[in-house]
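Here is how the chains run, residue by residue.
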Amino acid sequence: MIVRIMGEGQFRLSDEVRERVNGLDNAAVAAVGSGDEDSFHEAFEEMLQLIRAEGEAVADEDIESSDVIVPPADTSFSDAAAEFTGDGLIPD
Amino acid sequence: MAGMSGRMSTVIKAKVSKLLDKAEDPSETLDYSYQKQLESLQNVKKGIADVVTAKKRLGMQAQKLEQSVVKLDTQARQALAAGNEELARTALERKQLAQTELQGLDQQVAELQAQQEKLTESEKRLRSKIEAFRSKKEVIKAQYSAAEAQVRISEAATGVGEEMADVGLAMQRAVDKTEDMQARASAVEELEAAGTFEDLTQLGQGGDDIDRQLAELGAGGGVDDELSKLKAELGTGSDKPRGELGAGEQA
């Protein structure tokens, strides 16, 4: 699966990493749902780090569309409320 | 169902397919799409230049604030030396306000700098993508039948379109942020301008609306401390008559 972190570029994720990202995605949605700002930032930050660390950066020359687009790292809690809803970024 | 990602991808794909529907001939579509991409790249470059300009302007506003901090400090000293403690207090309150704003502004300028670097990085990436698209389109034109080409074009254009939308959005955010800061900075500047010494001497000790607001913002404590420090420095000389001060002159 290919994920784009807005403003940073695309990353190719293995199925195993995808599952872990999905778990964090769901945690972020839950945190937004319960209005828990700290937990949200924790989950979101971890999710970004995981994508950057475990994902393989897609070369600039490769032209491929993303399966999932992740909001930028400095997303505020109020912005997140509009984006992390339902199944989150990755549909279950 | 899908969150934001689903929606955004859909929007980008819709835009791209609209583009593709315009021309029937695949090679024409490819060239047209390439043209569009170049145009977008130009806009991105222009946008980055705007952000740089805005950042510079903010830096200049910070400089102005710095100057007014110095000026207000001088004015406070003058007022105290002339025995007008009320006036000195007001000047110090404004000075503190300006200092707080200055700190915020400095930090925001640094933030903007970071954003600008990221943006430039994205623009570089977009350029490589467009370059890749250019060579890819020639290959597609040469190798595939019309039907196959249409599918390939759509795939390629979506990939580049996404990058384009990404850079565009990042830029929009940077511009929004800048405008926000500029609005704030100029509001403070106005406040400062409205509170020059000339106005104060006219007001005397009355304390108008701005004074009250400033007093609230200044939160008292720090001003009192600074005032007594100033007094100590000046040896509490308060026998001089009031109103002898020039309007906002430097010492």
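Here is what the cut-offs are and how they apply
Residues numbered from 1 in each chain as written. Chains lettered and ligands numbered in written order. Predicted model: local features only at pLDDT ≥ 70, side-chain atom pairs only at ≥ 80, totals over all residues. Heavy atoms only, no water. Pairing = 2+ DSSP bridges. Helix = DSSP H or I, 4+ residues; strand = E, 2+ residues; numbered from the N terminus. Contact = heavy atoms within 4.5 Å. Buried area = accessible area lost by both parts, 1.4 Å probe. Salt bridge = Lys/Arg side-chain N within 4 Å of Asp/Glu carboxyl O. Polar contact = N/O pair within 3.5 Å; in protein donor to acceptor, adjacent residues only side chain to side chain. Expected span 1.5 Å × (residues − 1). 1 Å grid on protein atoms, 1.4 Å probe; cavity = no way out; pocket = protein on both sides within 12 Å on 5 of 7 lines; lining within 4 Å. Points joined across faces, edges and corners; volume = space filled by probe spheres on them. Nonpolar A, V, L, I, M, F, W, Y, C, P; charged D, E, K, R; others polar.

**A few points about the sheet that holds strand β3 (residues 56–57) of chain A**
Residues and elements named next belong to chain A. Taken in spatial order, the 4 strands make up an open sheet running β3-β2-β1-β4, and their pairing is mixed. The two strands at the open ends of the sheet, each matched to only one other strand, are β3 and β4 (68–70). Where strand β1 (residues 2–5) meets β4, 3 bridges bridge the pair, whose relative direction is parallel. From the neighbouring strand, Val-3 faces β4, where its bridge partner is Val-68.

**Here's the deal with the interface of chain B and chain A**
Accessible area lost when the parts come together is the quantity often used to give the size of an interface. Each partner contributes residues to the interface: chain B has 26 residues there, and chain A has 27 residues. Between chain B and chain A, the buried area comes to about 2,300 Å², and carbon and sulfur atoms account for 51% of it. At the surface where chain B touches chain A, the tally comes to 4 salt bridges. Across the salt bridge formed by Arg4(A) and Glu162(B), the nearest N and O atoms sit 2.8 Å from each other. Put simply, chain B and chain A have 10 residue pairs in polar contact (both at pLDDT 80 or more) between them. Within the residue set of the side of chain B that touches chain A, elements represented by two or more residues are α1 (4–21), α3 (85–143) and α4 (146–194) of chain B. With 10 residues, α4(B) is the largest single contributor of residues to the side of chain B that touches chain A.

**Let's talk about helix α2 (residues 37–54) of chain A**
Residue and element names in this part refer to chain A. When the terminal C-alpha atoms of α2 are compared, their 25 Å separation across 18 residues agrees well with the 26 Å that a helix rising 1.5 Å per residue should span. Elements in contact with the buried residues of α2: β1, β2 (9–12), α1 (15–33), β4 and α3 (77–83). For α2, the capping residue at the N-terminal end is Asp-36, with a side-chain oxygen 3.4 Å from the backbone nitrogen of Asp-38.

**Brief notes about the layout of surface pockets**
Considering only enclosed or pocket space, the second largest pocket measures out at about 220 Å³ in volume. Pro72(A), Asp74(A), Gln115(B), Lys118(B) and Arg173(B) are, among the 14 residues lining the second largest pocket, the residues nearest its centre. Put simply, the parts of the chain that give the lining of the second largest pocket at least two residues each are α3 and α4 of chain B. The biggest single contributor to the lining of the second largest pocket is α3(B), with 6 residues. Residues of the lining of the second largest pocket, tallied by class, amount to 6 nonpolar, 3 polar and 5 charged.

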